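Chain and residue survey
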Number of protein chains: 2
Amino acid sequence: MSQDPPAPTSGLQRLWRLDAPPRGGRPTLSVRRVVAAAVELADAEGIGAVSMGRVAEQLGFTTMALYRHVAGKDELLELMSDAAVGEPPPTDGAAPWRARAHSWSLAMLRRVREHPWITEVPFSTPPLGPHRVRWMEAGLRALRGCALDAEQKLAVINTLNGIVWHEVSLEWQQARARDRAGRDPAGAFADYGRALASVAAPERFPELAALVADGVFGEPDAAPGPAGPAPVQDFDDPLVAFAVDRFLDGVELLLERQGGGAG
Amino acid sequence: MSQDPPAPTSGLQRLWRLDAPPRGGRPTLSVRRVVAAAVELADAEGIGAVSMGRVAEQLGFTTMALYRHVAGKDELLELMSDAAVGEPPPTDGAAPWRARAHSWSLAMLRRVREHPWITEVPFSTPPLGPHRVRWMEAGLRALRGCALDAEQKLAVINTLNGIVWHEVSLEWQQARARDRAGRDPAGAFADYGRALASVAAPERFPELAALVADGVFGEPDAAPGPAGPAPVQDFDDPLVAFAVDRFLDGVELLLERQGGGAG
DNA sequence: TAAACCATGTGTATCTTATACACGTCCGAG
DNA sequence: CTCGGACGTGTATAAGATACACATGGTTTA
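Residues numbered from 1 in each chain as written. Chains lettered and ligands numbered in written order. Predicted model: local features only at pLDDT ≥ 70, side-chain atom pairs only at ≥ 80, totals over all residues. Heavy atoms only, no water.

Naming follows an unreviewed UniProt entry, where chain A appears as TetR family transcriptional regulator of Allonocardiopsis opalescens.

Right, let's talk about the interface of chain A and chain B for a bit. The partner chain B presents 65 residues to the 65 residues of chain A that form the contact. Here chain A and chain B share an interface that buries about 5900 Å² over both sides, 70% of which is from carbon and sulfur atoms. Considering only the side of chain A, the residues that lose the most area to chain B are A:E137, A:E207 and A:F242, jointly responsible for 11% of the buried surface there. On the surface where chain A and chain B come into contact, there are 4 salt bridges. Between B:E207 and A:R144 there is a salt bridge, with its nearest N and O atoms 2.6 Å apart. (Contact = heavy atoms within 4.5 Å. Buried area = accessible area lost by both parts, 1.4 Å probe. Salt bridge = Lys/Arg side-chain N within 4 Å of Asp/Glu carboxyl O.)

A:V55, A:L208, A:F217, B:L208 and B:F217 are the most contacted members of the largest nonpolar core, which has 156 residues in total. What B:F217 contacts, discounting residues up to four positions off in sequence, is A:M136, A:L154, B:D191, B:Y192, B:G193, B:L196, B:L208, B:L211 and B:V212. (Core = buried A, V, L, I, M, F, W, Y, C linked by side-chain atoms within 4.5 Å. Buried < 20%, exposed > 50% of the residue type's maximum accessible area, 1.4 Å probe, protein only.)

Before going further, it helps to examine the protein's contact with DNA strand C. For DNA strand C, the set of nearby residues contains 20 residues, the closest of which are A:T28, A:L29, A:T62, A:R68 and A:H69. Counting only atoms of DNA strand C within 4 Å of the protein, the fraction found in sugar and phosphate groups is 46%. The separation between a phosphate oxygen of DNA strand C and a polar side-chain atom of A:T28 is 2.6 Å. Looking at the surface near DNA strand C, the elements that each hand over two or more residues are α4 (63-66) of chain A together with α3 (52-59) and α4 (63-66) of chain B. (Near = heavy atom within 4 Å. Polar contact = N/O pair within 3.5 Å; in protein donor to acceptor, adjacent residues only side chain to side chain. Helix = DSSP H or I, 4+ residues; strand = E, 2+ residues; numbered from the N terminus.)

The environment of DNA strand D is formed by 19 residues, the closest being A:K73, B:T28, B:T62, B:R68 and B:H69. At the level of elements, α3 (52-59) and α4 of chain A together with α4 of chain B are the ones that each hand at least two residues to the surface near DNA strand D. Residues that form the surface near DNA strand D fall into these classes: 7 nonpolar, 8 polar and 4 charged. (Nonpolar A, V, L, I, M, F, W, Y, C, P; charged D, E, K, R; others polar.)

What follows deals with empty space enclosed by the protein. Residue and element names in this part refer to chain A. On inspection of all chains with the given rule, the structure shows 1 cavity of 30 Å³ or more. The volume enclosed by the largest cavity comes to roughly 80 Å³. Taken together, L15, E78, S81, D82, F123, T125, P126, P127, L128, G129 and R132 form the lining of the largest cavity. Broken down by element, the lining of the largest cavity gets its largest block of residues, 3 residues, from helix α5 (residues 73-85). Both domain 1 (10-85) and domain 2 (97-190 + 225-259) contribute no fewer than three residues apiece to the lining of the largest cavity. (1 Å grid on protein atoms, 1.4 Å probe; cavity = no way out; pocket = protein on both sides within 12 Å on 5 of 7 lines; lining within 4 Å. Points joined across faces, edges and corners; volume = space filled by probe spheres on them. Domains from an automatic or database assignment.)

Mapped onto this numbering, the UniProt entry annotates "DNA-binding region" (unreviewed entry) at residues 51-70 of chain A. Overall, residues 51-70 of chain A shows 60% helix and 0% strand. The separation of its end C-alpha atoms is 13 Å. (UniProt positions renumbered as here; feature names shortened; annotations may be inferred.)

So, on to the environment of A:M64. All names here are of chain A. As for its position among the elements, M64 is in helix α4. Exposure remark for M64: the relative accessible area of 56% places this residue in the exposed category. When the C-alpha positions of M64 and M52 are compared, they lie 8.2 Å apart, and in sequence the two are 12 residues distant.

Moving on to the packing of α5(A) against helix α7 (residues 130-142) of chain A. Residue and element names in this part refer to chain A. Here α5 crosses α7 at 40°, and the two axes come no closer than 7 Å. When the interaxial angle is binned, α5 and α7 end up oblique. Here S81, D82, A83 and V85 of α5 come into contact with α7, specifically with P130, H131, R132 and W135. Residue composition of the contact of α5 with α7, by class: 4 nonpolar, 2 polar and 2 charged. (Axes fitted to C-alpha atoms, helices over the stretch in contact; angles between N-to-C directions. Parallel < 35°, antiparallel > 145°, perpendicular 65-115°, else oblique.)

Here the focus is the pattern of salt bridges. Taken as a whole, this structure holds 22 salt bridges over all chains when the rule is applied. Between A:D249 and B:R257 there is a salt bridge, and its shortest N-O distance comes to 3.5 Å. You can see A:D249 sitting in helix α11 (residues 238-259) and its partner B:R257 sitting in helix α11 (residues 238-259), one on each of two chains. One salt bridge in this structure joins B:R113 and B:E171, with 2.6 Å as the shortest N-O distance. Residue B:R113 is found in helix α6 (residues 97-114), and its partner B:E171 is found in helix α8 (residues 150-183); the two are separated by 58 residues along the sequence. Each of A:R98, A:D245, A:R246, A:D249, A:E252 and B:R257 takes part in one network of salt bridges that share partners.

Moving on, we come to the packing of aromatic side chains. Evaluated as defined, the whole model comprises 5 aromatic pairs over all chains. Between A:W104 and A:W135 the ring centres are 6.0 Å apart and the planes differ by 65°, which places this aromatic pair in the edge-to-face class. With A:W104 in helix α6 (residues 97-114) and A:W135 in helix α7, the pair connects residues that are 31 residues apart, well separated along the chain. Of the residues examined, A:W104 reaches a relative accessible area of 6% and is grouped as buried. For A:W135, a relative accessible area of 2% puts it in the buried group. Pairing B:Y192 with B:F217 gives two aromatic rings, centres 5.6 Å apart and planes at 90°, and the pair type is edge-to-face. Linking B:Y192 in helix α9 (residues 192-199) with B:F217 in the loop between α10 (206-214) and α11, this pair joins segments that are 25 residues apart in sequence. Of the two residues, B:Y192 and B:F217, neither departs from the other in class, the shared state being buried. (Phe/Tyr/Trp six-rings, centres within 6.5 Å; stacked < 30°, edge-to-face > 60°.)

Structure (structure tokens):
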């Protein structure tokens, strides 16, 4: 009755106490290992493949063993996505805020791309995990010296986050559509461009049709082969970079208008 | 063999053919009705509540009846989210692109807010439904007369989308956290602010702690009552508006730099 | 050192859901 | 009038989450 008052936040606590020393005895399983296995599984086969059973199997334990370490699947998902974003990179104290914000965004982009399934996890909670919180802190630190008020800073990092997540989410969906087409040549279009083309009648969707014709979604004359391996484009960021840069330009502009210079 | 070649895209087709005339005879159930019922359910109780069974019950049919009209739950979800975004508002031909883009974003924001569960639907496909596509078209139309190239226009509307969705997603998560706290006063924090406060130790998270202290996440001295009904803030958009405006400012700036004026 | 404890795993049972299949029915076409 | 197909129904199956009660071995306590 002394060491652990049930505390109103078991969930949150678990989120932050991954390292609680193994309490009773043999430290075979652990939250860390469970989460790690789950993340690995998701990386390999998507969140769809993450079931309590599969994770347990991966670890060589029974399904129910997991419940000794996580409250349930929801909590596991929360832990997974927090773990997957991992640690933010250090903030370059010398760089101006603009450059720091930019690289913070790109770092996040890369991280999320490594675990694209994060974008599919149905979050039930706003970001409260230790890693997420550390990214927030890092983002705010990046904006130090920028003359925005607290609310605006928060809006800035939220927006950057939104841009990045949305982008990865789209990439991911397209990639999936692509390889669904690979597996089942009859069931889906080889790529988003072709699908859009089939659907965007030029009379009703002139603008869209023009984009498609422009090849913005991929060359329309790319081999329509039954199930080409689809050369995984690795546009390393032009699209996101565009968005991030425009947004940050806008923020800079605001600062200039407001105060004349950077605080 | 004349009216409906099986076509490689039954899914896509169903997405676009909601109005196919009732083929055989009595038009009791229909894709429309199924989707409508599902949307209603999701609006009322969240996507979590949407199961084939519940939807069927809602309509007074058996679960299996639904399968005559949709291929399965995934397709239903796709149809639902397309239906939920609905029709984009008309484009104001007279307004400048900037204003049009702005109101397009706000229209989308409002729409998504009406059906916040959309942000939780695990998309397996890039946007191909008729409504989604119409929103894209509308977005592009809004950008007509703006001297961006095709790719950039696409990036702009994607970004605006990302900003909006991410925002709604956050609002939604916070709202849920809030009323989870209401239901189970011990299980979660009354609000995000308090939760963050409990977690963001000032020594390790100075920036964040400052924000929290600033009351950016809600006043820290708000009654910590066991389950206050939590005055649902209705910031109609200041945060999103900030993001959208900054971004569009950035785009304008780019155009000025590029060409001197708007095409 | 012996006894009690408790954290950890296990096995089994249950409940919810999605979905395959086969059957009956009623409509309109020939 | 009869046949075929669209539409609903009912039943069966399988996956998955999770509650519960029990076994076990190290830790702690008397």
